[in-house]
Amino acid sequence: WEFNGSFYQPSAFLMMGIPGLEAFHHWISIPFCVLYLTALLGNCMILFIIKKTQSLHEPMYYFLSMLAVTDLGLVLCTLPTTLGIFWFNIRRIGFDVCLTQMYFIHILSFIESSVLLAMAFDRFIAISHPLRYPSILTKTTVIKIGLTIVLRGTVSLLPIPFLLKRLTYCGKTELSHSFCFHPDIMNLACADIKVNVFYGMIALFSTVGMDFICIVLSYILIIKTVISLATKGECLKALNTCVSHICAVLIFFIPMIGLSMIHRFGKNFPPLVNTLVAYIYLIIPPALNPIIYSIKSSHIREALFRALRRKCD
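The name an unreviewed UniProt entry assigns to the chain is Olfactory receptor, from the organism Odontophorus gujanensis. Recorded in UniProt for the chain, the comment headed Sequence similarities (unreviewed entry) runs: "Belongs to the G-protein coupled receptor 1 family."

Below, the structure written as structure tokens:
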């Protein structure tokens, strides 16, 4: 412990693997390695294909590139500490390192939420105003949207590490996960955390909460537009372009909302439930997103097959 008058701050926290299954961590690491490898290779493949295929240089795939970069960031943030616990039982993480990891995990989560909103806006414009689509979503506009997304996530969460550093910690230093999460660190303090709770809720609702509401509104408008189309075939064709995005939204927001609710209201939940939801939230979307888009997007699929044929030749 570091002592400064009445102010106490731990030099490090202890991370947790999967409670009750510590003896099986080496075996449990196998599916985690598969998911991490799938996420790394899948998202790198998406970025490579979009970069090398000229026909994919359009707004929809620029936003998909942003999603892939964000997913890679989330994977790289949690991979060292998670596999460090499963393989080597390295549970100790320095206080400042923990705050840094927490900051980037939350920033990337907020950025992913905003990218999903941008992708919903892209689908709305493409379906509702197809003729004006190229003039509305120009390359310059997409770049501006990307910069705004990064700036919004970075600035909205900037106070969080400083709010945690001002707290006095005592007694328990064991985290609930193999990574650092804001509510988890905050609950280890023995000081008044009302400011942290209040700011955390404001940041969450003003970013992720608003993104989710806007995504739902976008799809209400998309459905209204699709219903007005002349034939059933046109309706299905228009909706088919949204399937991948809807899947990405669901696999991201459902675990995120569940984890937030558990941390705030689920004190009586078994620790295993909390841990599993956290892993689903941070590992499953980065692993599944490239698979979903590769399966559903014929353009990406065809570009992938062309790249594989060239390598074989």
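Back to the write-up after that little detour.
1. Let's talk about the environment of Ile246
Along the chain, the position of Ile246 falls in helix α10 (residues 243–265). The sequence separation of Ile246 and Phe205 amounts to 41 residues, and the corresponding C-alpha distance is 21 Å.

2. Quick notes on the nonpolar core
Formed by 90 residues in total, the largest nonpolar core has its most connected members in Phe13, Phe32, Leu64, Leu116, Leu164, Tyr169 and Ile185. Here this core gets 19 residues from one element, more than from any other, and that element is helix α3 (residues 95–128). In contact with Leu164, other than residues within four places in its own chain, are Phe95, Leu99, Met102, Tyr169, His182, Ile185, Met186 and Asn196.

3. A few points about a nonpolar patch on the surface
Together, Met210, Phe212, Ile213, Val216, Leu217, Ile220, Ile257, Met261 and Phe265 make up an exposed nonpolar region whose accessible area comes to about 810 Å². Those elements giving two or more residues to the nonpolar patch turn out to be α8 (194–227) and α10. The element contributing the most residues to the nonpolar patch is α8, with six residues. If you trace the backbone, Met261 turns up in helix α10.

4. Focus: the packing of helix α1 (residues 25–52) against helix α11 (residues 271–296)
One can describe the packing of α1 onto α11 by two numbers: an axis separation of 8 Å at closest approach and a directional angle of 45 degrees. If you check the angle between α1 and α11, you find them oblique. Like other packed secondary-structure pairs, α1 and α11 cross with a definite hand, here left-handed. Contacts from Phe32, Leu35, Tyr36, Thr38, Ala39, Gly42, Asn43, Met45 and Ile46 in α1 reach Tyr279, Ile283, Ile284, Pro286, Ala287, Pro290, Ile291 and Ser294 in α11.

5. Some words on the UniProt feature "transmembrane region" (unreviewed entry) in the chain
The sites that carry the UniProt feature "transmembrane region" (unreviewed entry) are, in the present numbering, residues 24–50, 62–90, 102–121, 142–164, 197–222, 243–264 and 276–295. Here residues 243–264 runs as 100% helix and 0% strand, with 32 Å between its end C-alpha atoms.

6. Considering the packing of α3 against α8
The contact between α3 and α8 brings their axes to 9 Å, and the two run at 20 degrees. Put simply, α3 runs roughly parallel to α8. Considering only the axes of α3 and α8, their crossing is left-handed. Here the contact of α3 with α8 is composed, by residue class, of 15 nonpolar, six polar and two charged.

Basis of the calculations
- Residues numbered from 1 in each chain as written.
- Predicted model: local features only at pLDDT ≥ 70, side-chain atom pairs only at ≥ 80, totals over all residues.
- Heavy atoms only, no water.
- UniProt positions renumbered as here; feature names shortened; annotations may be inferred.
- Helix = DSSP H or I, 4+ residues; strand = E, 2+ residues; numbered from the N terminus.
- Core = buried A, V, L, I, M, F, W, Y, C linked by side-chain atoms within 4.5 Å.
- Buried < 20%, exposed > 50% of the residue type's maximum accessible area, 1.4 Å probe, protein only.
- Contact = heavy atoms within 4.5 Å.
- Patch = residues over 30% accessible without salt bridge, like charges linked within 9 Å, V, L, I, M, F, W, Y side chains within 5 Å.
- Areas by Shrake-Rupley, 256 points an atom, 1.4 Å probe, with all protein chains shown as cover.
- Salt bridge = Lys/Arg side-chain N within 4 Å of Asp/Glu carboxyl O.
- Axes fitted to C-alpha atoms, helices over the stretch in contact; angles between N-to-C directions.
- Parallel < 35°, antiparallel > 145°, perpendicular 65-115°, else oblique.
- Left-handed = near helix turned anticlockwise from the far one by under 90°.
- Nonpolar A, V, L, I, M, F, W, Y, C, P; charged D, E, K, R; others polar.

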